[in-house]
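Survey of secondary and tertiary structure
Chain by chain, the residues run as shown.
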Amino acid sequence: MTRPSSTPYDLVIIGGGPAGCAAAVMAASVGLRSALIERRELGATLRRVPAVGNVLGFATGTAFADAVTADVLRVADSCDVLLGTPATELHADDEGVTVRLASGAAVHGRYAIAATGVRAARPDEAGWLDSAVDAPPPLWEADAARLAGRHALVLGADRPLGTLLRAHPDTPFDLLVPHPAADAYKADEVRADPRVTLHRLDALDLRPAAEGRIAAGGLGTFAPDTVFVNLGVRPAALPGILAPTPDGYCPPDRQHPRVLTAGDLRSPRAQRIMTATGSGAEAALHAYYALRLNH
């Protein structure tokens, strides 16, 4: 982890996904000095996406993450990459921004871009699901080879389902997918795949069953290692001055003038790699023009 500078940055970027990395590269291209804070590695979420069909120039998230990382490292003279310690709070006032880290350090800047994205939703956050069992693993952790030929329960029709199917077009999956009405438009994306059986439900109970199995309402019983959650995401907003909507997202037009939001954190819609990248670049340019006009 690079040590943060003792002098304020032009731009403090929180989040090393597509939006944050695009912001760092754009900032460097217009002469801004930035810090990029990421608790894991750059492009960490991208690396678990085995197939993408809507990203220019790339067919896998891993390849895109490698290219993005290389681009950020290329501008290392203008961007300090602070890995391994999460940001815990963001504060802004008329003079600038302060981002506090879990290590106790503080990073100061003139503007901030919050690109913290989203996290996986928990079963207790799904209003249609009543579960008395331990939370199953998320679908993106599923081992496709072990799932081959097995009857598996996938709770929810979020987009990792389509990603799994596209990444393994010849694997003989047998996936039973109950989902709420809100997932119907995403379920439509996989409805034609014969390996998926979709059930639109208003409610589903999960309960322990005999021999250590899990009973899923009237859908049958399953072994614990053939049940996965695929319940969508929730915004990963930082404590501090971000002004969320009732659903927790942080639109750019509700923030302090010194704080810009980018990527999936902005809205539950348009959560795509390409839109995140564009919003990060646009946020960096917004800071650039604001700083230029103030000189």
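Parameters and conventions
Residues numbered from 1 in each chain as written. Predicted model: local features only at pLDDT ≥ 70, side-chain atom pairs only at ≥ 80, totals over all residues. Heavy atoms only, no water. Core = buried A, V, L, I, M, F, W, Y, C linked by side-chain atoms within 4.5 Å. Buried < 20%, exposed > 50% of the residue type's maximum accessible area, 1.4 Å probe, protein only. Helix = DSSP H or I, 4+ residues; strand = E, 2+ residues; numbered from the N terminus. Contact = heavy atoms within 4.5 Å. Expected span 1.5 Å × (residues − 1). Phe/Tyr/Trp six-rings, centres within 6.5 Å; stacked < 30°, edge-to-face > 60°. Lys NZ or Arg CZ within 6 Å of the ring centre and 35° of its normal. Salt bridge = Lys/Arg side-chain N within 4 Å of Asp/Glu carboxyl O.

1. Here's the deal with the nonpolar core
Counting residues in hydrophobic clusters, the biggest one holds 35 residues, and the most contacted among them are Leu11, Ile13, Leu36 and Ile113. Of all the secondary-structure elements, those providing two or more residues to this core are strand 1 (9–14), helix 1 (18–29), helix 2 (61–74), strand 3 (79–83), strand 6 (106–114) and helix 6 (273–294). Among the elements that take part in this core, helix 6 stands out by supplying 8 residues, more than any other. Ignoring anything within four residues of it in the chain, the contact list for Ile13 reads Gly20, Ala23, Ala24, Ser34, Ala35, Leu36, Ile37 and Ile113. Tyr9, Val12, Ala92 and Ala114 belong to the second-largest nonpolar core, a separate cluster that totals 20 residues.

2. Some words on helix 2
Compared with the 20 Å implied by 1.5 Å per residue over 14 residues, the 20 Å span of helix 2 between its first and last C-alpha is a close match. Along its buried surface, helix 2 packs onto helix 1, strand 2 (34–38), strand 3 and helix 6.

3. Some thoughts on the packing of aromatic side chains
Tallied over the full model, the rule gives 2 aromatic pairs. Aromatic pair Phe58 and Phe64: ring centres 5.1 Å apart, planes at 80°, arrangement edge-to-face. Judged by relative accessible area, which is 10%, Phe64 ranks as buried. Over the ring of Trp140 we find Arg48; its NZ or CZ atom is 3.8 Å from the centre of that ring. The ring of Tyr111 has Arg258 lying over it, and the distance from NZ or CZ to the ring centre is 4.9 Å.

4. As for the pattern of salt bridges
Counted under the stated rule, the structure contains 16 salt bridges. Note that Asp66 and Arg47 form a salt bridge whose closest N and O atoms lie 2.6 Å from each other. With Asp66 in helix 2 and Arg47 in the loop between strand 2 and helix 2, the pair connects residues that are 19 residues apart, well separated along the chain. Residue Asp66 is classed as partly exposed on the basis of its relative accessible area of 42%. Here Arg47 falls in the partly exposed class, since its relative accessible area comes to 24%. Close ionic contact of Arg159 with Glu189 constitutes a salt bridge, the shortest N to O distance being 3.0 Å. Here Glu189 lies in the loop between helix 5 (184–187) and strand 11 (196–200) and Arg159 lies in the loop between strand 9 (151–155) and helix 4 (160–167), a separation of 30 residues in the sequence. Residue Arg159 is classed as partly exposed on the basis of its relative accessible area, which comes to 25%. For Glu189, a relative accessible area of 48% corresponds to the partly exposed category.

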